[in-house]
Amino acid sequence: MRQAGAYSGILSGRISKTGPHSLPLARIKKIMKKSSDDVKMISGEAPIIFSKACELFIEELTKRAWIMTMQGKRRTLNKEDVASAVIATDIFDFLVNLVTESNVADNKCEVNEDSQVIVEI
Amino acid sequence: MEVDEHVKLVPIANVGRIMKQILPPTAKISKEAKETIQECASEFIGFVTGEASDKCHKENRRTVNGDDICWALSSLGFDNYAEAMLRYLYKLREFERQRANQTKGSNDEDTDHEAASESENQDITTT
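Residues numbered from 1 in each chain as written. Chains lettered and ligands numbered in written order. Predicted model: local features only at pLDDT ≥ 70, side-chain atom pairs only at ≥ 80, totals over all residues. Heavy atoms only, no water.

1. Let's talk about the packing of aromatic side chains
- Within this structure, the stated rule accounts for 9 aromatic pairs over all chains.
- Note on A:F57 and A:F92: the rings are 5.4 Å apart at their centroids and 75° apart in plane angle, and the pair reads as edge-to-face. With A:F57 in helix 3 (residues 45-71) and A:F92 in the loop between helix 4 (79-88) and helix 5 (96-100), this residue pair connects regions lying 35 residues apart in the sequence. Across the pair, A:F92 and A:F57 agree in class, each one buried.
- With a centroid separation of 5.4 Å and 15° between ring planes, the pair formed by B:F78 and B:Y81 is classed as stacked.
- The class of B:Y81 is buried, set by a relative accessible area of 2%. (Phe/Tyr/Trp six-rings, centres within 6.5 Å; stacked < 30°, edge-to-face > 60°. Helix = DSSP H or I, 4+ residues; strand = E, 2+ residues; numbered from the N terminus. Buried < 20%, exposed > 50% of the residue type's maximum accessible area, 1.4 Å probe, protein only.)

2. Topic: the pattern of salt bridges
All names here are of chain A.
- In this structure the tally under the stated criterion is 11 salt bridges over all chains.
- Across the pair E55 and K52 runs a salt bridge, and its minimum N-O distance is 3.3 Å. On the criterion of helical spacing, the pair formed by E55 and K52 is a turn pair, its members being 3 residues apart in helix 3. Each member of the pair, E55 together with K52, is buried. (Salt bridge = Lys/Arg side-chain N within 4 Å of Asp/Glu carboxyl O.)

3. Description of the UniProt feature "domain: Transcription factor CBF/NF-Y/archaeal histone" (unreviewed entry) in chain A
- Residues annotated in UniProt with the feature "domain: Transcription factor CBF/NF-Y/archaeal histone" (unreviewed entry) correspond here to residues 22-86 of chain A.
- Along residues 22-86 of chain A one finds 71% helix and 6% strand; the C-alpha atoms at either end are 22 Å apart. (UniProt positions renumbered as here; feature names shortened; annotations may be inferred.)

4. Quick notes on the state of the cysteines
- Under the definition given, this model contains 0 disulfides over all chains.
- Unpaired in terms of disulfides, A:C54 finds its nearest cysteine sulfur in B:C40, a separation of 10 Å. (Disulfide = S-S within 2.5 Å.)

5. A short note on the UniProt feature "domain: Transcription factor CBF/NF-Y/archaeal histone" (unreviewed entry) in chain B
- Sites flagged by UniProt as "domain: Transcription factor CBF/NF-Y/archaeal histone" (unreviewed entry) map to residues 10-73 of chain B.
- End-to-end, the C-alpha atoms of residues 10-73 of chain B are 19 Å apart, and along that stretch the chain is 73% helix and 6% strand.

6. Here we look at the side chain of B:K55
- One can find B:K55 in helix 2 (residues 31-58).
- Not counting residues within four places of it along the chain, the set of residues in contact with B:K55 comprises B:R61, B:D68 and B:W71. (Contact = heavy atoms within 4.5 Å.)

7. Some remarks on the confidence of the model for chain A
- Here chain A averages 81 in pLDDT, and 69% of its residues register 70 or above.
- Below a pLDDT of 50 lies the segment residues 2-19 of chain A, which in the model reaches 41 contacts outside its immediate sequence neighbourhood of four places, other chains included. (pLDDT = per-residue confidence, 0-100.)

8. Remarks on the interface of chain B and chain A
- Between chain B and chain A, the residue contacts involve 74 residues of the former and 62 residues of the latter.
- Across the interface of chain B and chain A, roughly 6,500 Å² is buried in total on both sides, 69% from carbon and sulfur atoms.
- Taken together, chain B and chain A are joined by 1 salt bridge.
- In this structure, A:E45 and B:R93 form a salt bridge, with 2.5 Å as the shortest nitrogen-oxygen distance.
- The tally of links from chain B across to chain A stands at 12 residue pairs in polar contact (both at pLDDT 80 or more). (Buried area = accessible area lost by both parts, 1.4 Å probe. Polar contact = N/O pair within 3.5 Å; in protein donor to acceptor, adjacent residues only side chain to side chain.)

Here's what the structure looks like:
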């Protein structure tokens, strides 16, 4: 859908180091530093790359969640749609615990005693 | 918005705006969905940074740079992001090179096309 727009924005040179980015660089830097004790120094360009990469990530997760919303014939994208999208996408495996820990009562997916995620279709 | 000092999250306003831009105009987004994606995005940054940081550590380098982020994206399965980010990184470094040349005294208007397109940039930073 908008993927072409995001990429052509990048390719058309819409770049500014000091100008606006989708996500605040200082906050990104803080998140990076907190991620691990090993992270000592971060180059100036790393948060700028993340600002864009994160935007692409949010766009992809949102699009995939919206597919779930449409399958449910709804117009409001809800938390369960996000969880379903995460579970349905291999590269989002690192998020499974994050979206299911508060979703035990959800009727779309649950985690059994072996920490396996069971999805109801 | 998360107020826990131990957990840093990307601002929910930014998340909401990116989501709105990609969805049809009549779509609605629940507050919980926005919060969930906010958490996922923050986790994404930590996850990729960890991978990039491991690589730097193994190679005895102290600074995580843009190339490391691109490598980590590819390593973790985000090949399409890695490709796009490498192109972005290339343009970014080109931009920086041109800026550095400008401040050295060469005021070539032709190299200002990057600056001109900045004014067309619709992104708004909120902190």
